[in-house]
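Descriptive structure summary
Here's the letter readout for the chains.
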Amino acid sequence: MPCRRTVHTTSSDKPCPRRFGHSRSLVHGNGQFIHHTKCRSSGRSRGSFLRHSHCDGTYIVEYPFKENSPPIHQTLQQACMRLKFMEKKFRLSPELKEQYTEFMGEYLTLGHMEKLSAQQRQQNTGSCFYLPHHAVFKPDSITTKCRVVFDGSSKDSSCVSLNHRLHVGPPIQRDLFAVSLRFRQHRFVFCVDIEKMFRGIRVSKEHTDFQKIVWRTDENAPIEHYRLLTVTHGLTSSPFLAVRVLKQLADDYKNEFPITSHVLINDVYVDDILTAYNSTEDLIKTKDELVSLLTKAKFCLRKWSSNCWPLLSTLPIELREYNPVDLNCKSIDTFVKVLGVQWNPCTDELSLKIKSMKCVKEPTKRSVLSEMSKIYDPLGIVWPRF
């Protein structure tokens with residue numbers, strides 16, 4: 001049985017002032033802007049954010065390469081070997097192959113990668129990187145059980161990986177503890193996920209050659225070459241770029257959506273948005289503005305959850321995290337994950353899922369801490385006080 005405890009807090013969480021870097025914006029007459037960020041925490045880094053006024057609003061970024069990065073050597077051979085290794089797994093698990101093929105097919109259908117012709121394969125052979133890929137399973141995921149992750153830590157023939165050539169970027173991500181606390185400070189809340197956030201951000205054409213892959217649906221067919229066109233899971237700078245784009249989006253439309261822009265900067269952790277108000281009217285208004293703001297950059301919101309039924313009733317059923325329920329019934333069966341912690345929107349309670357612990361005859365501080373460290377508890381709800 002999971003340990004359950006209701007948590008109420010009114011503590012403030014003013015962030016400590018820190019300067020991780022400085023930035024400047026350049027505006028061009030052709031309707032695009034380039035935003036440069038220099039990272040003090042990891043040397044000189046350059047991340048460019050381009051947006052054309054005549055496009056659909058999607059943000060385009062460049063990867064922040066280190067200036068002293070060594071030349072890229074051979075990567076195709078290892079990528080092909082890793083593909084053949086995955087195909088051996090496919091023989092043992094047809095279900096894995098089906099899910100893997102479906103994922104890659106969706107990648108291609110949505111325009112997040114493109115197939116390369118024989119002529120395109122011969123271009124920029126000295127400045128391209130082939131990324132191996134493998135499967136990662138999330139059994140508790142409602143939407144995607146099998147996700148394909150591209151290995152940016154794979155090394156080329158000179159034993160240097162693409163991740164080693166990239167800056168991580170300054171830590172601009174909001175603090176997990178602070179976001180969790182604000183989630184508990186008001187009566188009505190909602191949580192929502194930005195669908196395919198990384199893949200909603202395009203990579204500049206010059207840098208797509210650094211994320212080539214090989215793939216085929218049939219191991220007896222010739223190996224085909226592809227190029228990923230969006231920010232890629234598995235690259236060390238991808239989380240920074242994704243968060244930085246959300247910040248840029250908030251800055252671009254802060255005059256049109258002042259309240260929602262503040263939410264986008266302060267109440268977001270990676271691709272999860274959590275905010276709260278003391279009135280249902282303010283909560284629903286923020287929801288509507290949030291949808292409008294993220295639509296500007298072609299981001300979609302899904303997996304909505306809330307303890308406010310009037311808000312949920314305005315959403316299509318397929319966008320909700322759980323089936324429609326009457327929140328007044330105080331059901332104990334409706335749990336959703338909020339930043340990795342179980343939350344019951346009916347009773348507005350947080351709970352931790354704890355696996356059975358090892359029994360020892362004489363528990364010590366070390367053994368207790370060892371078992372407690374296995375529990376994901378960002379708020380420190382059950383952490384012992386020695």
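Presented here is a report on the structure given in the accompanying data block. As the structure is a prediction and not an experimental result, all values here were calculated from the model. (Residues numbered from 1 in each chain as written. Predicted model: local features only at pLDDT ≥ 70, side-chain atom pairs only at ≥ 80, totals over all residues. Heavy atoms only, no water.)

1. Let's talk about the pairing of strand β9 (residues 188-195)
Of all eight residues in β9, seven are buried, a share of seventy percent or more. With six bridges joining them, β9 and strand β14 (residues 272-277) adopt antiparallel strand pairing. In the strand pairing of β14, V192 is matched with I273. Here five bridges tie β9 to strand β15 (residues 300-306), and the two strands are oriented antiparallel to one another. Bridge assignment links F190 to a residue of β15, and that residue is S306. (Buried < 20%, exposed > 50% of the residue type's maximum accessible area, 1.4 Å probe, protein only. Helix = DSSP H or I, 4+ residues; strand = E, 2+ residues; numbered from the N terminus. Pairing = 2+ DSSP bridges.)

2. Digging into the side chain of S180
Relative to the elements of secondary structure, S180 occurs in helix α5 (residues 176-183). Residues within four places of S180 in sequence aside, it is in contact with L339 and L379. (Contact = heavy atoms within 4.5 Å.)

3. Observations concerning the sheet that holds strand β13 (residues 268-269)
Taken in spatial order, the four strands make up an open sheet running β13-β14-β9-β15, and their pairing is antiparallel. The outermost strands of the open sheet, each flanked by one partner alone, are β13 and β15. Note that β13 and β14 share two bridges and pair antiparallel. Looking at β14, one finds that Y269 is bridged to D272. Across the sheet, α5 lies against β9, β13 and β14, angled at about 40° from β14, the strand it touches most. With respect to the sheet, helix α8 (residues 280-295) is in contact with β9, β14 and β15, its orientation differing from that of β9 by roughly 10°. (Axes fitted to C-alpha atoms, helices over the stretch in contact; angles between N-to-C directions.)

4. Some points on the pattern of salt bridges
For the structure on display, the rule yields 17 salt bridges. Between E219 and R91 there is a salt bridge, with its nearest N and O atoms 3.0 Å apart. Here R91 lies in helix α1 (residues 76-92) and E219 lies in the loop between β11 (212-215) and β12 (224-228), a separation of 128 residues in the sequence. Here E256 and K296 are joined by a salt bridge, their closest N and O atoms 3.7 Å apart. Taken as a pair, E256 in the loop between α6 (238-252) and α7 (258-266) and K296 in the loop between α8 and β15 lie far apart in primary sequence, 40 residues in all. A relative accessible area of 46% places E256 in the partly exposed class. Members of the salt-bridge network, linked through shared partners, are E106, E195, K196 and R199. (Salt bridge = Lys/Arg side-chain N within 4 Å of Asp/Glu carboxyl O.)

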